[in-house]
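Now for the letters of each chain:
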Amino acid sequence: MKTDEVTEIGSLDALDEAPMDVVINGKVTTWVWTFAGPGHEKTVEQSNRIARQRLHEEARKEQAVVNGKKWIAEEPTPNEVREKNVNWIVGRLLGWTPVKIDGEMLTYSEDAARKLLADPRKSAIYVQALEFLAADTSFTPRSATT
C-alpha cells in the first residue's frame, strides 16, 4: 500500500438499536423485536448495574477471606438462571411490533416480555433473543452497497 492511499473503513460504532426478526418453527415471521445496542443508554445502565453487583460480590468474598472465613459461593437454581437471563434480555429490549398469539393481541411491555420469555413452552424465542444479543454482528452497521 502506498502511503498516499487512504482506506475508508466506515464507522466503528455499533448501532444504538437493532431489529431481530422472530423465527418460529424455522420460518421468519413479521414479528420484530428491537434491542438496544452496546452504546445505548439502556444497555449502559444495565452494564453498570451488573458491574456494581459483581464488584459487591467480589468485595464480600475478599472481606470473608481477609476475616479468615471460608467463602462458599451461592449456587443458583435453573429457575434463577433463567430469571437472570430473562431480566438481561428485557433490560435490552426496546419493544416489538404488533403480534397476535393464539388469537389474542400481545402488546409490548416489560411485564409481557418477562412472562413470554419465562414460559418454557416458548423457549425458542428465549434462545433466539440470547443468541441475538450475544452475536457480534447483531449491532454491526451494514456495509453500503454500490
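The shown structure was predicted, so the numbers you read here are calculated from the model rather than taken from an experiment. (Residues numbered from 1 in each chain as written. Predicted model: local features only at pLDDT ≥ 70, side-chain atom pairs only at ≥ 80, totals over all residues. Heavy atoms only, no water.)

### Here's the deal with the packing of helix H2 (residues 78-92) against helix H4 (residues 123-134)
It is at 10 Å that the axes of H2 and H4 come closest, and there the two elements cross at 60 degrees. Between H2 and H4, the angle is such that the two are oblique. Judged by the sense of rotation from one axis to the other, the crossing of H2 with H4 is left-handed. When H2 is examined against H4, the residues Arg82, Asn85, Val86, Trp88, Ile89 and Arg92 are found in contact with a partner set consisting of Ser123, Tyr126, Ala129, Leu130 and Leu133. (Axes fitted to C-alpha atoms, helices over the stretch in contact; angles between N-to-C directions. Helix = DSSP H or I, 4+ residues; strand = E, 2+ residues; numbered from the N terminus. Parallel < 35°, antiparallel > 145°, perpendicular 65-115°, else oblique. Left-handed = near helix turned anticlockwise from the far one by under 90°. Contact = heavy atoms within 4.5 Å.)

### Observations regarding the nonpolar core
Counting 23 residues, the largest nonpolar core has Trp31, Trp33, Phe35, Ile89, Trp96 and Leu117 as its most contacted members. Secondary-structure elements contributing two or more residues to this core are strand S1 (17-24), strand S2 (27-36), H2, strand S3 (93-96), helix H3 (110-118) and H4. The greatest single-element share of this core, amounting to 6 residues, is contributed by H4. Not counting chain neighbours up to four residues away, the residues in contact with Leu117 comprise Trp33, Arg82, Val86, Ile89, Val90, Ile125 and Tyr126. (Core = buried A, V, L, I, M, F, W, Y, C linked by side-chain atoms within 4.5 Å. Buried < 20%, exposed > 50% of the residue type's maximum accessible area, 1.4 Å probe, protein only.)

### Examining unusual backbone geometry
Keep in mind that most residues, glycine aside, have a negative phi and that most peptide bonds are trans. A positive phi angle, close to 50 degrees, is found at Asn25, a residue other than glycine. At Asp102, a position not held by glycine, the phi torsion is positive, near 50 degrees. As for its position among the elements, Asp102 is in the loop between strand S4 (100-101) and strand S5 (104-105).

### Some details on the side chain of Arg92
With respect to the element layout, Arg92 can be found in helix H2. As a buried residue without a salt bridge, Arg92 has its nearest oppositely charged side chain in Asp16, at a separation of 9.6 Å. In this structure, Arg92 is in contact with Thr34, Phe35, Ala36, Gly37, Pro38, Thr43, Gln46, Leu133 and Phe139, ignoring residues within four places of it in sequence. (Lys, Arg positive; Asp, Glu negative; His and termini not counted. Salt bridge = Lys/Arg side-chain N within 4 Å of Asp/Glu carboxyl O.)

### Observations regarding the packing of aromatic side chains
Here the distance between the centres and the angle between the planes together describe a pair of aromatic rings. For the coordinates displayed, the defined rule picks out 7 aromatic pairs. Residues Trp31 and Trp33 carry aromatic rings whose centres are separated by 5.5 Å and whose planes lie at 70 degrees to one another, so their mutual orientation is edge-to-face. The pair Trp31 / Trp33 is uniform in exposure class, with both members buried. Their ring planes at 75 degrees and their centres at 5.5 Å tell us that Trp31 and Trp96 sit as a pair that is edge-to-face. With a gap of 65 residues between them, Trp31 in strand S2 and Trp96 in strand S3 connect regions that are remote in the sequence. For the pair Trp31 and Trp96, one class covers both residues: buried. A cation sits over an aromatic face here: Arg82 above Tyr126, 3.9 Å from the ring centre. (Phe/Tyr/Trp six-rings, centres within 6.5 Å; stacked < 30°, edge-to-face > 60°. Lys NZ or Arg CZ within 6 Å of the ring centre and 35° of its normal.)

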